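Topology and contacts: notes
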Amino acid sequence: MAVEVYISEDQIKNKVTELAYKINEDFAGQEIVVICVLNGAFMFCADLVRELTVPINMEFIKASSYGEGTNSSGSIKFEVDVKNNLAGKNVLIVEDIVDTGLTLTKIMEKLKAHNPAQMKLVSLLFKPSRNRHPVKIDYLGFEIPDKFVIGYGLDYSNRFRELPYIGIFDEDN
Ligand code: IMP
């Protein structure tokens with residue numbers, strides 16, 4: 001089992017600053033509800049909100065589509081939901097990775113039912129080759145190939161989330 005550094009700590013830091021700059025510009029003078037998609041986005045979200053200059057409210061949501069291992073089970077279960085109504089609010093969903101897009105599609109359907117004024121999505125990573133459920137990513141960090149990545153919040157069987165970089169996980173080496 002080996003971990004190869006794929007996106008370094010510095011590259012992530014620069015990207016977070018770049019994304020926050022755009023978000024600050026787009027939402028200047030407005031308040032936003034930031035919805036952190038647990039568990040994977042916790043680190044990205046924590047770094048991102050520290051660079052936001054607009055006033056925010058924090059919410060958390062958790063929808064599980066993955067069990068053990070690297071393959072999606074295809075089913076979604078909500079384990080944590082937002083606590084306040086989002087009607088008329090500016091919502092920013094913060095996700096770690098859009099893979100097939102199933103999780104985000106289900107989350108967005110659920111949040112749209114609140115009738116927010118607008119709903120934007122920021123995702124650190126996107127695997128275009130695996131995408132089956134198209135979602136509009138308003139702010140994207142990096143497009144990546146079809147490799148299983150870990151670190152910076154992302155896990156393999158709940159391990160490696162603490163790594164400060166994003167690595168490619170290779171079970172065989
Ligand atoms: P989707 O529903 O297929 O888009 O999967 C989204 C979720 O699957 C993400 O929020 C991650 O938790 C997980 N996931 C997808 N690809 C990876 C990966 O390469 N590494 C770690 N987790 C992943």
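Below you will find a few notes about this structure.

Attention now moves to the overall build of the protein chain. The helix and strand tally for the protein chain stands at three helices and nine strands. Helices and strands appear in the protein chain in the N-to-C order β-α-β-α-β-β-β-α-β-β-β-β. For a compact globule of 173 residues, the expected C-alpha radius of gyration is about 16 Å, and the protein chain comes in at 16 Å, within 12% of that figure. Each principal axis of the C-alpha atoms in the protein chain carries an extent, and together these give about 50 × 35 × 25 Å. Looking at the protein chain residue by residue over its 173 residues, the buried ones come to 46%. Once local pairs closer than 6 in sequence are excluded, the contacts in the protein chain between residues at least 24 apart make up 66%. Split by element, the accessible area of the protein chain, about 8,700 Å² in all, is 47% carbon and sulfur. With 19 positive and 25 negative side-chain charges, the protein chain shows a separation of 5 Å between the mean positions of the two kinds.

With their axes 9 Å apart at the nearest point, helix α1 (residues 9-26) and helix α2 (residues 42-49) run at an angle of 60 degrees to one another. With respect to α2, the axis of α1 lies oblique. Where α1 crosses over α2, the handedness of that crossing is right-handed. Residues Val16, Leu19, Ala20 and Ile23 of α1 touch α2, and the partners they reach there are Phe44, Asp47 and Leu48. In terms of residue class, the contact of α1 with α2 is built from six nonpolar, no polar and one charged.

Our focus in this paragraph is the site of the ligand. Taken together, 17 residues lie around the ligand, and Thr100, Gly101, Thr103, Lys127 and Val149 are the ones closest in. The side chain of Lys127 places a nitrogen or oxygen atom 2.9 Å from an oxygen atom of the ligand. Calculation on the ligand without its partners gives an accessible area of 490 Å², and the protein chains cover 91% of this total. Those elements giving two or more residues to the shell around the ligand turn out to be β3 (56-66), β5 (90-98) and α3 (102-112).

Our focus in this paragraph is the packing of aromatic side chains. Enumeration over the complete set of coordinates arrives at three aromatic pairs. Grouping aromatic residues by their ring pairs yields a cluster made of Phe148, Tyr156, Phe160 and Phe169. We note Lys15 situated over the ring of Phe142; from NZ or CZ to the ring centre the distance is 5.0 Å. Lys110 extends its terminal NZ or CZ atom over the ring of Phe78, reaching a point 4.8 Å from the ring centre.

What follows is about the state of the cysteines. One pass over the full model with this rule turns up zero disulfides. Left without a disulfide partner, Cys36 is nearest to the cysteine sulfur of Cys45, which lies 3.9 Å away.

Rules and cut-offs
- Residues numbered from 1 in each chain as written.
- Predicted model: local features only at pLDDT ≥ 70, side-chain atom pairs only at ≥ 80, totals over all residues.
- Heavy atoms only, no water.
- Helix = DSSP H or I, 4+ residues; strand = E, 2+ residues; numbered from the N terminus.
- Rg over C-alpha atoms; globule rule 2.2 N^0.38 Å.
- Buried < 20%, exposed > 50% of the residue type's maximum accessible area, 1.4 Å probe, protein only.
- Contact = heavy atoms within 4.5 Å.
- Areas by Shrake-Rupley, 256 points an atom, 1.4 Å probe, with all protein chains shown as cover.
- Lys, Arg positive; Asp, Glu negative; His and termini not counted.
- Charge placed at Lys NZ, Arg CZ, Asp CG, Glu CD.
- Axes fitted to C-alpha atoms, helices over the stretch in contact; angles between N-to-C directions.
- Parallel < 35°, antiparallel > 145°, perpendicular 65-115°, else oblique.
- Left-handed = near helix turned anticlockwise from the far one by under 90°.
- Nonpolar A, V, L, I, M, F, W, Y, C, P; charged D, E, K, R; others polar.
- Near = heavy atom within 4 Å.
- Polar contact = N/O pair within 3.5 Å; in protein donor to acceptor, adjacent residues only side chain to side chain.
- Phe/Tyr/Trp six-rings, centres within 6.5 Å; stacked < 30°, edge-to-face > 60°.
- Lys NZ or Arg CZ within 6 Å of the ring centre and 35° of its normal.
- Disulfide = S-S within 2.5 Å.

Such coordinate-based values are descriptive only and should not be taken to indicate function.
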